[in-house]
Amino acid sequence: MKRRVFLTAAALVALAAGAAAQTFPTKPLRLIVPQPPGGGFDMVARTVAEPFAAQLGQPVVVENRPGGGTLIGTELVAKSEPDGYTLLLGASANLALSNGLYRKLPYDPKADFVPVGLAATFSYTLVARNDLPARTLAEIVGYARAGNGTGQHICGALLWHLSGVSVTHVPYKGAQAVYQDLIPGRVDLFCDASSTARAQLDAGRVRPVAVSGPARLAYHPEVPTVRETGVLDFEMESWAGYFVRKGTPAPIVARLRADFERVMATPEMAAMLEKRGAQPLRLSAAESEALVAREIDKWTRLIREAGIVAE
């Protein structure tokens, strides 16, 4: 007597997803970076992409899709097919900070994305034009209270807000454009990702004031942290990693995570990120999910309390 086997629609979908995961990937993957080339997050994307592609057995093509303050590229991934072939370079900027800056986003940073893995963290370095009269952060705060000074990025905006001073915020499309005005003295201050500020500082084009992270940087050990200056109790680090659209089949997410973890476990990857000014991360998928959720809640609250809005 033959047995009849009946499968539910859900079981059929699960079987199909499992079969797809066994062959995944069968074509190149796209990695969307919602910022211009040359910044710290773009560096993370490109540093990890090649060894990640080697693990997957398919190319990982980095596509810069800047615009809208990181919204355009991030929305593109949020509305992409959840098949694992379109990845997002997710970072504090487009997932945590934007959620506070904008009252209504075209995506939900918690509901629309799942971390494949976090790769690195960055501090920010407050840099000044070389001829700025104020030398220390305390002097700059006093200088700003007199009505002068300019800041950039959330780091700078929160520094001034928490210090109780008012400055003029000048928006730019990218770090390189800022330095074109900062170096000749048309603006006073810039809170840049430490990794991208490094080259300008090493060349002596601008002057460091303080770093936002919990500790001094190995490559600029003479620069104090904001907390060390005694001006205020403030700490800020950004993170960056690979994300995929929520709804991607679990076996495909598992494959991506496993290969990402293999890449991040290599000493070569840690050395490359450190050389380029980033602090490598080694977190489990659960730890990454928890960190991202905490950061979204934390920075959304702080930014809205400070009254910082996108311009």
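Residues numbered from 1 in each chain as written. Predicted model: local features only at pLDDT ≥ 70, side-chain atom pairs only at ≥ 80, totals over all residues. Heavy atoms only, no water.

**Student:** Would you mind going over the pattern of salt bridges in detail, with residue names and values included?
**Tutor:** Counted under the stated rule, the structure contains 16 salt bridges. As a salt-bridge pair, Arg-257 and Glu-289 come within 2.9 Å of each other at their nearest N and O atoms. Highlighted residues: Arg-257 in helix α10 (residues 250-264) and Glu-289 in helix α12 (residues 285-306), separated in sequence by 32 residues. The buried category is assigned to Arg-257, whose relative accessible area is 16%. Arg-262 serves as the salt-bridge partner of Asp-259, at 2.4 Å between the closest nitrogen and oxygen. (Salt bridge = Lys/Arg side-chain N within 4 Å of Asp/Glu carboxyl O. Helix = DSSP H or I, 4+ residues; strand = E, 2+ residues; numbered from the N terminus. Buried < 20%, exposed > 50% of the residue type's maximum accessible area, 1.4 Å probe, protein only.)

**Student:** Describe the nonpolar core, listing the residues and the values that go with them.
**Tutor:** Counting residues in each nonpolar core, the largest one holds 40 residues, and the members touching the most others are Phe-113, Leu-118, Val-209, Trp-239 and Phe-243. When contributions to this core are tallied by element, the ones reaching two or more residues are α3 (71-78), α4 (92-101), β4 (113-129), α5 (137-145), β7 (189-193), β8 (206-211), β9 (237-245) and α12. The dominant element in this core, judged by the number of residues it contributes, is α12, at 6 residues. Setting aside residues no more than four positions away along its own chain, Phe-113 makes contact with Thr-74, Val-77, Ala-78, Leu-88, Leu-95, Tyr-107, Asp-108, Phe-243, Val-244 and Lys-246. (Core = buried A, V, L, I, M, F, W, Y, C linked by side-chain atoms within 4.5 Å. Contact = heavy atoms within 4.5 Å.)

**Student:** Summarise the confidence of the model for the chain; cite the residues concerned and give the values.
**Tutor:** Taken over all residues, the pLDDT of the chain has a mean of 86, while the share at 70 or more is 83%. For residues 147-153, every residue scores under 50 in pLDDT, and the model assigns this stretch 31 contacts once sequence neighbours within four places are set aside. (pLDDT = per-residue confidence, 0-100.)

**Student:** An account of the side chain of Ser-80 is requested, with residue identities and associated values reported.
**Tutor:** By the element assignment, Ser-80 lies in the loop between α3 and β3 (86-91). At 2.7 Å, the side chain of Ser-80 forms a polar contact with the backbone oxygen of Val-77. Ignoring anything within four residues of it in the chain, the contact list for Ser-80 reads Thr-86 and Arg-245. (Polar contact = N/O pair within 3.5 Å; in protein donor to acceptor, adjacent residues only side chain to side chain.)

**Student:** Can you tell me about the pairing of β9, naming the residues and giving the values?
**Tutor:** Summarising burial for β9: 7 of the 9 residues are buried, a large majority. Two elements, β3 and β9, share 5 bridges in a ladder whose sense is antiparallel. In the sheet register, Leu-89 faces β9, and the bridge partner there is Tyr-242. Bridge count for β4 against β9 is 9 bridges, and the pairing is antiparallel. Bridge pairing links Phe-113 to Arg-245 in β9. (Pairing = 2+ DSSP bridges.)

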